[in-house]
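One-letter residues, chain by chain:
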Amino acid sequence: MEDPESGYGFMSVYCGDALQCVCKSLKKFSTYSFRVSASNAHGVSKFSAVSVFKTSPSAPGTPSVPRLDGRPHPRSVNIIWDSPTDTGGSPVSSYRVEVDDGKGGVFREGYSGSENSCCILDLQPGRSYRCRVSATSAGGVGQWSKISTVTTRPVAPDGPPAPFLAKGQKAKADSMTLHWKPPDCTGGSKITNYIVQMAERGKSGFTDIYSGRDTSFVVNSLQPGRSYRFRVKAKNLVGYGPWSDASLATTSAAVPDRPEPPIHHCRSPYHVLIEWQVRATRIC
């Protein structure tokens, strides 16, 4: 047998009376040359013509653990990895990268190609994703690498739904209890504060009336029978998001304030004119 890469020429690998032999410890996906001669009591024959054979490749080993390449983005990350040290005897033809859903769920394909890096798209802000990579060659598909975790960058939250009165609750003449819900997308970071603003209907300019972590607030010192607009915005680690749509709520009517004391005017010995004024402090 001859291993062209060794440079030693043909070397004896078998001597016996069988018509076959097994050659072991050969290299994967490598070319070897073989020839055979026969002998008897009268001597040794010339060697046969040379036959050339190539061993099969095996599946490649595992690539390195995938790692973040550069800064993460809110909805995508760039990852990179090293080729396996054992290619199985044939060049790596492609890689496959898989990521989970960011909630510990099943893996899905994020990339398939020949490069040692890729950009994973369609991710959610501020979420941690598990990822893994495998290599493929002529010898088959290798094992998955160890799993790594990459985290996308959070963003400011979306605007919450508009503030509302709880079902079954009615506004009072001088107060009402507002409720609101967290935004559908928190931006990948915990909500740390809300700001609620109010404006009387027909007037421009909103005024802050609440700042805190609660999702309800009692608005006091309102006027009866008037309509007010309310809006809310949420804050996370990144900052405040946009305002919600404004909602409209109207206080109920109230018992009017008592009138001013009556004033009388004598018009004759037999009759008097009584007048009184309505206080303007409460509108019904």
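All values derive from a computational prediction rather than experimental measurement.

Undergrad: How would you summarise the overall build of the protein if you had to cite specific residues and measurements?
TA: Summing up its helical and strand segments, the protein has zero helices and 21 strands in all. Relative to the compact-globule value of 19 Å for 284 residues, the protein shows a C-alpha radius of gyration of 42 Å, a clear excess of over 25%. For the protein, the C-alpha atoms occupy an extent of roughly 170 × 30 × 20 Å along the three principal directions. A burial count over the protein gives 30% of its 284 residues as buried. For the protein, restricting intrachain contacts to residue pairs at least 6 apart in sequence, the fraction spanning at least 24 positions comes to 58%. When the accessible surface of the protein is summed, it comes to about 18,000 Å², and 52% of that surface belongs to carbon and sulfur atoms.

Undergrad: Any details on the sheet that holds strand 16 (residues 207-212)? Residues and values, ideally.
TA: Here we have four strands laid out as an open sheet, ordered 16-15-18-19, and antiparallel in their pairing. The outermost strands of the open sheet, each flanked by one partner alone, are strand 16 and strand 19 (247-250). When strand polarity is set aside, the average angle formed by the axes of neighbouring strands in this sheet is 30 degrees. Across four bridges, the pairing between strand 18 (residues 227-235) and strand 19 is antiparallel. Bridging from a neighbouring strand, Arg229 pairs with Leu248 of strand 19.

Undergrad: Lay out the nonpolar core with the relevant residues and their values.
TA: What tends to happen in soluble globular proteins is that the nonpolar side chains get buried as a cluster. Among the nonpolar cores identified, the biggest contains 16 residues, and Met176, Leu178, Trp180, Val219 and Phe230 are the most heavily contacted of them. Those elements that place two or more of their residues in this core are strand 14 (176-179), strand 15 (193-200) and strand 18. With four residues, strand 18 is the largest single contributor of residues to this core. Look past the residues within four positions of Phe230 in its chain and what remains in contact with it is Pro163, Met176, Leu178, Gln197, Met198, Phe206, Ile209, Val219, Asp245, Ala246, Ser247 and Ala249. With 15 residues, the next largest nonpolar core counts Ile79, Tyr111, Ile120 and Val150 among its residues.

Undergrad: Tell me about the pattern of salt bridges, and name the residues and values.
TA: Applying the stated criterion across every chain, the model contains ten salt bridges. A salt bridge links Glu98 to Arg96; its shortest N-O distance comes to 2.9 Å. Accessibility expressed as a relative area gives 8% for Glu98, which makes it buried. For Arg96, a relative accessible area of 30% translates into the label partly exposed. Here Arg130 ties to Asp100 by a salt bridge, and the two come within 2.9 Å at their closest N and O atoms.

Conventions adopted
Residues numbered from 1 in each chain as written. Predicted model: local features only at pLDDT ≥ 70, side-chain atom pairs only at ≥ 80, totals over all residues. Heavy atoms only, no water. Helix = DSSP H or I, 4+ residues; strand = E, 2+ residues; numbered from the N terminus. Rg over C-alpha atoms; globule rule 2.2 N^0.38 Å. Buried < 20%, exposed > 50% of the residue type's maximum accessible area, 1.4 Å probe, protein only. Contact = heavy atoms within 4.5 Å. Areas by Shrake-Rupley, 256 points an atom, 1.4 Å probe, with all protein chains shown as cover. Pairing = 2+ DSSP bridges. Axes fitted to C-alpha atoms, helices over the stretch in contact; angles between N-to-C directions. Core = buried A, V, L, I, M, F, W, Y, C linked by side-chain atoms within 4.5 Å. Salt bridge = Lys/Arg side-chain N within 4 Å of Asp/Glu carboxyl O.

Such coordinate-based values are descriptive only and should not be taken to indicate function.
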